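Structural description and commentary
Below, each chain spelled out in residue letters.
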Amino acid sequence: MTKTLVRTPDEQPRKKRMPKLRDGVVKRGSTWSYVVRVKDPETGESRPRWVGGFATEDDAKAARDEARVKARRGEYIDRNTITVAEYLAEWIEGHAVEIKPHTLKGYRDMIRLYINPRIGTIRLQALRPSAITKLYRDLLTSGGRKSSPLAPNTVKHVHTVLRKALTDAVLVDELLPNNPAERAKLPRTQSTEPGLMWTPAQLRAFLDTARSHRLFAFFHLAAYTGARRGELLNLRWTDVDLDKPQIHITGTAAVLDRQRVEGTTKSGRSRVVSLDLSTVEVLQDHRARQDEERHKLGDSWKGGDAYVFTTGWGDPLFPDTPSSLMPKLTEAHNKQSPENQLPHARLHDLRHVHATTLLLAGVPVHVVAARLGHADPAITLRVYAHVIHEQAATAADVFAKAINESWEPPGSHPC
C-alpha cells in the first residue's frame, strides 16, 4: 500500500519572493540594479536592458535617468566588461590587413610596451581622460628602458595609436559614447625642427667624395629630389623618365623582421618629382654602370632590369645599406680634407637640405610640400618653421625694394 505524504499548512514550501521593481529600479542581494528599454535600430523592437552593481538606490536611479535619456536619443550603449588590452588585441587584428606592415609593427610595439602595462587591465568603458593623461605623464618621466624618460615624440606616437583605437571603439564597435583620448591632456613638447644642416657648399663637398662610389647616384638623387630613403630604394627604371625629365614615386621599401618589404608611400599617394639636367646625367651614368655589372655577371645577376639601386649582384638594396654608407663617406672626406671638415649628418638630412634650400630661395611652400610628398603644406610649415621665420624677417625689405624699383617721380611721364 502506497503512503501519500500530506503536509500541514505550516510545512508547505514557500514560494521565493521576487524583489519588487519600483520605477525601473530593484534591489538584488546587496546591490541595486535598473532596467531600461532600448530600441533595436535594425528591428525597431524595444527590449529591456538590465544593469546592476550599484551600491545605493540613488546611484541606480541616477544611472537609470542617464540611460533613459541616451535611449531616447539613440545613444545608449550596452555595458561591456572588455578591458583595454582585450579591445586593443581585437582592434589591431582587425586592422592588420589595412595597415602597412612597418606601421603595424610600430602599433603593436606601442601597445605591448607602453599602453597595456599601464592601463591594459582597466575596463574599456571605465577608461577616463584622467587615466590617459596620467599614462602620458608617467611615460614622459619613466616610460623608457630602466625607468628612464621616454622621448616626447614616442609619447605622441602612443597617443596617436590610442586615439585611433578608441575612435573605432566609438564609431565602429559602439562600445564607448565618446573618445576619452580626445579629452586627455597630452604633455606639451617643443616642436622638433631639423638641427644643424649642411650648407650647399658642404653638400657639394660630400657629393664630390661620393662620386667614385657605385651608389653615388643614390645620394645625388636623395639630395636633388628630397625623396625619402625607402622611396628611392623602391624606384624602378620604369618610374624614371629622362626625357621629361622626372621620376614617378609610387611606393617605399622598409625592413620588417629582418625582411625587406614594400608598400605605399607615407601619404599613401604617388607623386611626380621633376629632375634637373645634371641629375639626368648622373642617372644615365648610373644606368650605364649597372648595365656593365649585369653583363659582366651574366646569369649570376639576380635583379633583372627592374630596380634603379641594387647590390653588386643585382638584388634590391636593404635600407640600412645607404644609411650606414653615408657616415663612412663623410669620414673619408674629412680624412682627405682636414681643413674642410663636414659635421655629422644622417641620410635623412639630405631631404632637409633640399627643402631648406628651396624655401630660402623663395619657392612657394605648397610646391616644396608637393615635392617632398607631404600630405598637407601645413606639415612643411611646421617642420621648417625656422626657415619660414627667416624668410618673414626679410619680407619687409623685399616689398620695399619692389615698390621703390617701380616708383617714378611725379611728372616723369611724358604728356
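Attention in this report is confined to the structure presented alongside it. Because the structure is a prediction, the values reported are computed rather than measured. Residue positions are given per chain, counting from 1 as you read along its sequence in written order. Reporting of local features is limited, given that this is a predicted model, to residues whose pLDDT is at least 70; pairs of side-chain atoms are given and counted only at 80 or more, and all residues count toward the totals for whole chains, interfaces and linings. Water and hydrogen atoms play no part in the side-chain values, which are based on all heavy atoms of the structure.

Some remarks on the sheet that holds strand β8 (residues 271-274)
As a reminder, the rule being used: For two strands to be treated as a pair, DSSP must find no fewer than two bridges joining them. Strands are runs of DSSP state E lasting at least 2 residues, helices are runs of H or I lasting at least 4, and numbering of each runs from the N terminus.
Spatial strand order, β4-β5-β8: three strands in an open sheet with antiparallel pairing. Two strands in the sheet have a free side with no partner beyond their single neighbour: β4 (240-241) and β8. Relative to strand β5 (residues 246-249), β4 runs antiparallel, the two sharing two bridges. Its bridge partner being in β5, D241 is matched across the sheet by Q246.

Considering the packing of helix α2 (residues 84-94) against helix α5 (residues 152-171)
Put simply, the rule reads: Lines fitted to C-alpha atoms define the axes here, with helix axes fitted over just the stretch in contact, and angles between the N-to-C directions of these axes take values from 0 to 180 degrees. Any angle between 65 and 115 degrees counts as roughly perpendicular, while under 35 counts as roughly parallel, over 145 as roughly antiparallel, and the rest as oblique. Note on contacts: a residue pair is in contact if any heavy atoms of the two residues lie within 4.5 Å. When residues are sorted by character, Ala, Val, Leu, Ile, Met, Phe, Trp, Tyr, Cys and Pro go into the nonpolar class, Asp, Glu, Lys and Arg into the charged class, and all the rest, Gly among them, into the polar class.
Where α2 contacts α5, the axes come no closer than 10 Å and their chain directions differ by 90°. Looking at the two axes, α2 sits roughly perpendicular to α5. Only V161, K164, A165, D168 and A169 of α5 make contact with α2, whose side of the interface consists of Y87, L88 and W91. Considering only residue class, the contact of α2 with α5 consists of six nonpolar, no polar and two charged.

Examining the sheet that holds strand β2 (residues 31-39)
The antiparallel open sheet is built from three strands, whose spatial order is β1-β2-β3. Strands with a single pairing partner mark the edges of an open sheet, and in this sheet they are β1 (25-28) and β3 (46-54). When the angles between neighbouring strand axes are averaged without regard to direction, this sheet yields 30°. Pairing between β2 and β3: seven bridges, direction antiparallel. Among the inter-strand pairings, V38 is bridged to a residue of β3, identified as R47.

Quick look at unusual backbone geometry
The residue after K244, namely P245, is reached through a cis peptide bond having omega -15°. Along the chain, the position of P245 falls in the loop between β4 and β5. Phi is positive for K146, which is not a glycine, with a value near 55°. Structurally, K146 can be placed in the loop between α4 (129-142) and α5. With a phi close to 60°, S147 is a non-glycine residue in the positive phi region. Along the chain, S147 turns up in the loop between α4 and α5.

Some remarks on the pairing of β2
For β1 and β2, the ladder comprises four bridges, and the chain directions are antiparallel. Bridged to V25 within β2 is Y34. Hairpin connection of β1 to β2: two residues between the antiparallel strands, including G29 at a positive phi of 65°.

Let's talk about the packing of aromatic side chains
Ring pairs (aromatic) are described by centroid distance and by the angle formed between their planes. Formally: Aromatic rings from Phe, Tyr and Trp, with only the six-membered ring used for Trp, were paired whenever their centres fell within 6.5 Å, and each pair was classed as stacked if the ring planes differed by under 30 degrees, edge-to-face if by over 60, and tilted otherwise. Only Lys NZ and Arg CZ are tested; either one counts as a charge over a ring when it is within 6 Å of the ring centre and within 35 degrees of the ring normal.
Evaluation of the coordinates by the stated rule reveals five aromatic pairs. Consider the rings of W91 and Y107, whose centres lie 6.2 Å apart with planes at 20°: the pair is stacked. You can see W91 sitting in helix α2 and its partner Y107 sitting in helix α3 (residues 101-119), a full 16 residues away along the chain. Judged by centre distance (5.1 Å) and plane angle (45°), the ring pair of W198 and F206 falls under tilted. Every member of this aromatic cluster is reached through a ring pair, and the members are W198, F206, F218, F219 and F309. Sitting above the plane of the W237 ring, R287 keeps its charged end 4.5 Å from the centroid.

Any functional reading would require information beyond the geometric quantities listed.
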